[in-house]
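Spelled out, the chains give:
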Amino acid sequence: MGLLERLRKEWFILGIVLVIAVARLEPAVGVKGGPLKPEITITYIAVSAIFFNSGLSLKTEELTNALMHVKLHLFVQIFTLVFFPTAIWLFLQLLSITPINEWLLKGLQTVGCMPPPVSSAVILTKAVGGNEAAAIFNSAFGSFLGIVITPLLLLLFLGSSSSVPFTSIFSQLFMTVVVPLIIGQIVRRYIKDWLERKKPPFGAISSCVLLMIIYTTFCDTFANPNIDLDKFSLIIVVFIIFSVQMSFMFLTFLFSTRVVKSQSITAIPHPLKKMDLHRCH
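Structural notes, computed from the coordinates. Predicted model, so just to flag it, every value in this text is computed and none were measured. (Residues numbered from 1 in each chain as written. Predicted model: local features only at pLDDT ≥ 70, side-chain atom pairs only at ≥ 80, totals over all residues. Heavy atoms only, no water.)

## Concerning the environment of Gln 172
Among the structural elements, Gln 172 can be located in helix α9 (residues 166-198). Spatially, the C-alpha atom of Gln 172 lies 8.9 Å from that of Thr 43, the residues being 129 residues apart in sequence. Every residue in contact with Gln 172, bar those within four places of it in the chain, is listed here: Thr 43 and Tyr 44. (Helix = DSSP H or I, 4+ residues; strand = E, 2+ residues; numbered from the N terminus. Contact = heavy atoms within 4.5 Å.)

## Examining the pattern of salt bridges
Evaluated as defined, the whole model comprises two salt bridges. A salt bridge links Glu 102 to Lys 106; the nearest nitrogen and oxygen atoms lie 3.4 Å apart. Of this pair, Glu 102 and Lys 106 are both found in helix α6 (residues 102-112), four residues apart, which corresponds to roughly one turn of the helix. Classification of Glu 102 by relative accessible area gives partly exposed; the value is 48%. What makes Lys 106 partly exposed here is its relative accessible area of 30%. (Salt bridge = Lys/Arg side-chain N within 4 Å of Asp/Glu carboxyl O. Buried < 20%, exposed > 50% of the residue type's maximum accessible area, 1.4 Å probe, protein only.)

## Considering unusual backbone geometry
In this model, Lys 37 sits at a positive phi of 50°, which is unusual for a non-glycine residue. One can find Lys 37 in the loop between α2 (11-25) and α3 (38-57). The backbone of Lys 199 shows a phi angle near 50°, a positive value even though the residue is not glycine.

## Here's the deal with the side chain of Arg 188
By the secondary structure assignment, Arg 188 is in helix α9. Here Arg 188 is buried and forms no salt bridge, its nearest opposite-charge partner Glu 196 lying at an N-O distance of 4.2 Å. There is a polar contact of 2.7 Å between the side chain of Arg 188 and the backbone oxygen of Leu 56. Of the polar contacts made by the side chain of Arg 188, one reaches the backbone oxygen of Leu 58; its length is 3.4 Å. Filtering out sequence-adjacent residues up to four positions away, Arg 188 remains in contact with Gly 55, Leu 56, Ser 57, Leu 58, Lys 59, Leu 195 and Glu 196. (Lys, Arg positive; Asp, Glu negative; His and termini not counted. Polar contact = N/O pair within 3.5 Å; in protein donor to acceptor, adjacent residues only side chain to side chain.)

## A closer look at the packing of α6 against helix α8 (residues 132-158)
Contact pair α6 / α8: the axes reach a minimum separation of 9 Å and the direction vectors enclose 145°. Crossing of α6 over α8 shows right-handed handedness. Here Lys 106, Gln 109 and Thr 110 of α6 lie close against α8, whose contacting residues are Leu 154, Phe 157 and Leu 158. Split by residue class, the contact of α6 with α8 holds three nonpolar, two polar and one charged. (Axes fitted to C-alpha atoms, helices over the stretch in contact; angles between N-to-C directions. Left-handed = near helix turned anticlockwise from the far one by under 90°. Nonpolar A, V, L, I, M, F, W, Y, C, P; charged D, E, K, R; others polar.)

Interpretation note: all reported values are geometric properties and have no functional meaning in isolation.
Okay, here's the thing in structure tokens:
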């Protein structure tokens, strides 16, 4: 594989590096209240565009079938909102005796208590060929659950919490996730033949929108004058995040593949077992 072809294949990773670098050079462009107005263009328009895009690209049958995967949804929500925050808390108890900045550790716990990310979870699932419909459901459902569960988790693990504007968050999620998805499905019915004939690059479009979200997020980070962290703590935390991410991805992969294999073997007549296992992979 040539260098140019490799770069073209990994354009999204390169894009992340590029937008972070641009945000570092001129953070004022993408901060809240800046020229890009991310509080409107990102919070509402960009997220809505992602789910409208998903509504256009997904067949209605795929969405309805995804709703039936009850065990999958239970696994995702329990893993995200129970197992992961608890595991992070246990891990941070060990790190609390190290010289790592205390507020960075509290930040890690806070992030660990968050519900599934709404936009990036869907886009990255689609990018690797996963079940986009199931990702949409779990992202939306997890976000709604997070309105109630996340403050409780923060109170449990950090001893502090805050009031949550339930109505405004609920309405924002509904308007930026559910409504665009439904509109996308309606539009798809009228242009279905054109979509199947032209095959628009839905994945690339959503990835570009995600790059914009990443850009504005880092603009806010670099524009904050109160950030004063020692390099040692920062480097260690970046390494911890990477290690935790890879470890839990591997754990989830192991668990999910074993479940799929066991279900396939027990549910299929003997002559078809081998063939179905190939399909699962």
